[in-house]
Amino acid sequence: RGTPRNLARLARALQAGEVVGVPTETVYGLAGNALDAAACRRIFRAKGRPANDPLIVHIHSLRQLPEVAQPNEAALALAQAFWPGPLTLVLPKQPIIPDVVSSGLPTVAVRMPSHPLFRRLLKQTALPLAAPSANPFGYVSPTSAAHVVAGLGTKIRHVLDGGPCRIGVESTIVDLRDPRRPRILRPGAITRAQIEGVLRRRVAAGKSRSDEHRAQVSPGLLTRHYSPRTPAVLHEEIRPAAIQRAPKSEAWVFITRPTDVRGKNIFWLDPRGDLRGAARRLFHVLREVDAGGFTRVHLERARGDGLAEAINDRLQRAAARA
Ligand code: AMP
Ligand code: MG
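By convention here, each chain's residues receive numbers from 1 onward along its written sequence. The naming scheme follows written order: chains are lettered A onward, ligands numbered 1 onward. Totals for whole chains, interfaces and linings use all residues, but because this is a predicted model, local features are given only for residues with pLDDT of at least 70 and pairs of side-chain atoms are given and counted only at 80 or more. Only hydrogens and water are removed before side-chain values are computed, so all heavy atoms of the structure are retained for them.

Undergrad: How do you make sense of the layout of surface pockets when you look at a structure like this?
TA: The gaps of empty space that remain are located by a probe, the size of a water molecule, rolled over the atoms. Computed over the protein atoms alone on a 1 Å grid, cavities are sets of points where a 1.4 Å probe fits but cannot get out and pockets are open sets with protein on both sides within 12 Å along at least five of seven lines; a residue lines them when it has an atom within 4 Å of a point. Grid points are joined across faces, edges and corners, and a volume is the space filled by probe spheres set on the points. Considering only enclosed or pocket space, the second largest pocket measures out at about 200 Å³ in volume. Together, 14 residues line the second largest pocket, and Ile238, Phe254, Pro258, Asp260 and Glu300 are the ones closest to its centre. Secondary structure elements follow DSSP: runs of H or I of four or more residues count as helices, runs of E of two or more count as strands, with numbering from the N terminus. Elements represented by at least two residues in the lining of the second largest pocket include exactly α10 (240-245) and β12 (250-256). With three residues, β12 is the single largest residue contributor to the lining of the second largest pocket. Ten residue types, Ala, Val, Leu, Ile, Met, Phe, Trp, Tyr, Cys and Pro, are classed as nonpolar, four, Asp, Glu, Lys and Arg, as charged, and the remainder, Gly among them, as polar. Of the residues assigned to the lining of the second largest pocket, the class counts are seven nonpolar, two polar and five charged.

Undergrad: I would appreciate a short explanation of the environment of Pro142 in the present structure.
TA: Relative to the helices and strands, Pro142 resides in the loop between β6 (129-130) and α7 (145-152). Note: C-alpha distance between Pro142 and Gly168 (26 residues apart in sequence) is 8.5 Å. Excluding its chain neighbours within four sequence positions, the residues that come into contact with Pro142 are Val27, Tyr28, Ser133, Ala134, Asn135, His147, Val148, Cys165 and Arg287. We call two residues in contact when some of their heavy atoms are within 4.5 Å.

Undergrad: Help me out: how do you make sense of the pairing of strand β14 (residues 296-300) in this one?
TA: Successive side chains on a regular strand alternate, one facing one side of the sheet and the next facing the other. With a 1.4 Å probe rolled over the protein chains alone, any residue whose accessible area is under 20% of its type maximum counts as buried; one over 50% counts as exposed, and the rest are partly exposed. For β14, the tally of buried residues reaches four of five residues, placing the bulk of the element in the interior. Strand pairing is defined by DSSP finding a minimum of two bridges between the two strands. Bridge count between strand β11 (residues 232-235) and β14: four bridges; the pairing is parallel. Bridge assignment links Val233 to a residue of β14, and that residue is His298. Of the pairings in the sheet, the one linking β12 to β14 comprises four bridges and is parallel in character. Following the sheet pairing, Ala251 is matched in β14 by Val297.

Undergrad: Would you mind going over the packing of aromatic side chains with me for this structure?
TA: For any pair of aromatic rings, the description rests on two quantities: the centre-to-centre distance and the angle between the ring planes. Each aromatic pair joins two rings of Phe, Tyr and Trp (for Trp, the six-membered one) with centres within 6.5 Å, and gets the label stacked for planes under 30 degrees apart, edge-to-face for over 60, and tilted for any other angle. Per the stated rule, a full pass over the model turns up one aromatic pair. Measuring from ring centre to ring centre gives 5.9 Å for Phe267 and Phe294, while their planes differ by 90°; the resulting arrangement is edge-to-face. Separated by 27 residues along the polypeptide, Phe267 in strand β13 (residues 266-270) and Phe294 in the loop between α11 (275-291) and β14 bring together distant segments of the chain. Side by side, Phe267 and Phe294 carry an identical accessibility label, which is buried. The residue whose ring lies beneath Arg229 is Tyr139, and the NZ or CZ to ring-centre distance is 4.4 Å. Cation placement over rings: the criterion is NZ of Lys or CZ of Arg within 6 Å of the ring centroid and within 35° of the ring normal.

Undergrad: Would you mind going over the environment of Val253 with me for this structure?
TA: Following the sequence through the fold, Val253 ends up in strand β12. Exposure remark for Val253: the relative accessible area of 3% places this residue in the buried category. A sequence separation of 13 residues divides Val253 from Ile266, and the C-alpha atoms of the two residues are 6.3 Å apart. With sequence-adjacent residues up to four places away left out, Val253 is seen in contact with Ile238, Phe267, Leu269, Val285, Val289, Val297, His298, Leu299 and Glu300.

Undergrad: Sorry if this is basic, but what is going on with the nonpolar core here?
TA: Grouped burial of nonpolar side chains is what soluble globular proteins tend to show. The set of buried Ala, Val, Leu, Ile, Met, Phe, Trp, Tyr and Cys residues whose side-chain atoms join them within 4.5 Å is what this entry labels a nonpolar core. Trp83, Leu87, Leu89 and Ile195 are the most contacted members of the largest nonpolar core, which totals 44 residues. For this core, the secondary-structure elements that each account for two or more residues are α2 (37-47), α3 (65-68), α4 (73-82), β4 (87-92), α5 (99-102), β5 (107-111), α7 and α8 (192-199). Here this core gets five residues from one element, more than from any other, and that element is α4. Counting 30 residues, the second largest nonpolar core, distinct from the first, contains Ile255, Phe267, Leu299 and Ile311.

Undergrad: What is the right way to look at the side chain of Ser102 in this model?
TA: On the secondary structure map, Ser102 appears in helix α5. With residues up to four places along the chain from it excluded, the contact list for Ser102 reads Pro54, Lys93 and Thr107.

Undergrad: Mind showing me how you'd approach the pairing of β4 here?
TA: Burial of β4 is extensive: five of the six residues sit out of reach of the surface. Bridge analysis of β4 against strand β8 (residues 172-175) gives four bridges, and the strand direction is parallel. From the neighbouring strand, Thr88 faces β8, where its bridge partner is Ile173. In this structure, β4 lies alongside β5, joined through five bridges in antiparallel fashion. Paired with Leu91 across the two strands is Val108, which belongs to β5.

Now the structure itself:
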């Protein structure tokens, strides 16, 4: 827990090159000193993460940004508007960032998180901390300390419990290598409309260029990711008749609570279909489905834009076959 004594102890562990599970407002992270290549290699090892999937570097204050990256005006405007918060900026990196963090790319992804406990830890270590999601590679991201222990408990010694994550899906990632051509690499709680509002220009996103190109820019963004073990199928809309026809061993996940079906195999993300609530519970519900031992899970897409884009991105990856 986040007592002053524990925080001091974890800060010392991080300074000594150890890795620590930390709460953030998006999902739990596995943090290590971003300037220490050996510490960062420990992160990759604990997660079983391939070396070509770069880490996000977390900072406590805007003063640290030029120490790790080369900011441009667009980056400063977005940082001003949304930091601390769930927004990650991809910028040319400073040489101080080891290659293992950026997977050899000339860029680095930087974020200033808002979770109060993680912020205190960042301040106490006085270091930029590299932290990917604290889950075994490819599995559903953790949104509670219990999820971290379940996934990595045998691999890491410290997890800081900061309660359930307020947002529940990973940060929005914006490619700002060329500030005149910003692009959203991963949708999150900061929406495209919000980013366009600050930059006062159109921002590209999603499928407009080939996925292959995206894979080169942001190698970690695989089509299949955030995946439950239960085979998943994505639907535009789930109809009650489809549930009646299917065996009881198949689970159904709605965005909002359905009125006409019930049973142990029926799940929903938010009782009223509020998208913020749905994002917050998404990964938890996918884990519940896995725990239920169902033979298949049917997922219903969220409607609308904004946060729906982030939710549907995760659902799509959960249901992707390869
Ligand atoms: P995670 O922290 O597990 O949510 O993953 C971080 C993701 O950020 C990676 O999978 C990459 O897709 C992306 N990322 C990190 N660093 C960079 C970078 N330098 N350029 C582009 N994308 C990056
Ligand atoms: Mg991840």
